[in-house]
Amino acid sequence: MLLKRKYLILAFTLGICLIIAGFFYDVIYAGIPFQDPTIAMQKEYLRQQTIAYTIMKSGLAVSLLSIILSLTSVFFKRILAFKSTQ
């Protein structure tokens with residue numbers, strides 16, 4: 001079954017939005033590391049940064065998956081069109 005193009009565009013847009021959301025989360029919550037942090041502050045900064053990177057990685061994965069599925073869909077459409085002409 002071939003995926004509809006609008007769903008692939010929606011998935012790509014969602015991935016880009018997740019990347020942007022992860023970036024803003026990183027800027028707002030993690031921000032610039034403290035100059036002389038305590039151990040607790042270091043742990044909190046690392047936790048916030050890990051969350052931000054996870055959001056960005058998820059967005060990248062969704063975007064790449066939508067691109068791969070889009071290319072695969074185009075490839076199969078061309079194969080089916082080629083076979084129907086023969």
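Residues numbered from 1 in each chain as written. Predicted model: local features only at pLDDT ≥ 70, side-chain atom pairs only at ≥ 80, totals over all residues. Heavy atoms only, no water.

Q: Provide a residue-level description of the overall build of the protein chain, including the pertinent values.
A: Counting secondary structure elements, the protein chain contains two helices and zero strands. Taken over the C-alpha trace, the protein chain has a radius of gyration of 20 Å; the compact-globule value for 86 residues is 12 Å, which it surpasses by more than 25%. With respect to the principal axes defined by its C-alpha atoms, the protein chain has extents near 70 × 15 × 15 Å. With 86 residues in all, the protein chain has 17% of them scored as buried. Pairs at least 24 apart in sequence give 79% of the contacts found in the protein chain among residues at least 6 apart. (Helix = DSSP H or I, 4+ residues; strand = E, 2+ residues; numbered from the N terminus. Rg over C-alpha atoms; globule rule 2.2 N^0.38 Å. Buried < 20%, exposed > 50% of the residue type's maximum accessible area, 1.4 Å probe, protein only. Contact = heavy atoms within 4.5 Å.)

Q: Can you break down the packing of aromatic side chains residue by residue, with the values?
A: In this structure the tally under the stated criterion is three aromatic pairs. Ring geometry for Tyr25 versus Tyr29: centroids 4.6 Å apart, planes at 40°, classification tilted. Linking Tyr25 with Tyr29, this pair stays in helix H1 (residues 5-30), spanning four residues, or about one helical turn. With relative accessibility at 55%, the residue Tyr29 sits in the exposed group. (Phe/Tyr/Trp six-rings, centres within 6.5 Å; stacked < 30°, edge-to-face > 60°.)

None of the figures reported here should be taken as evidence of function without further support.
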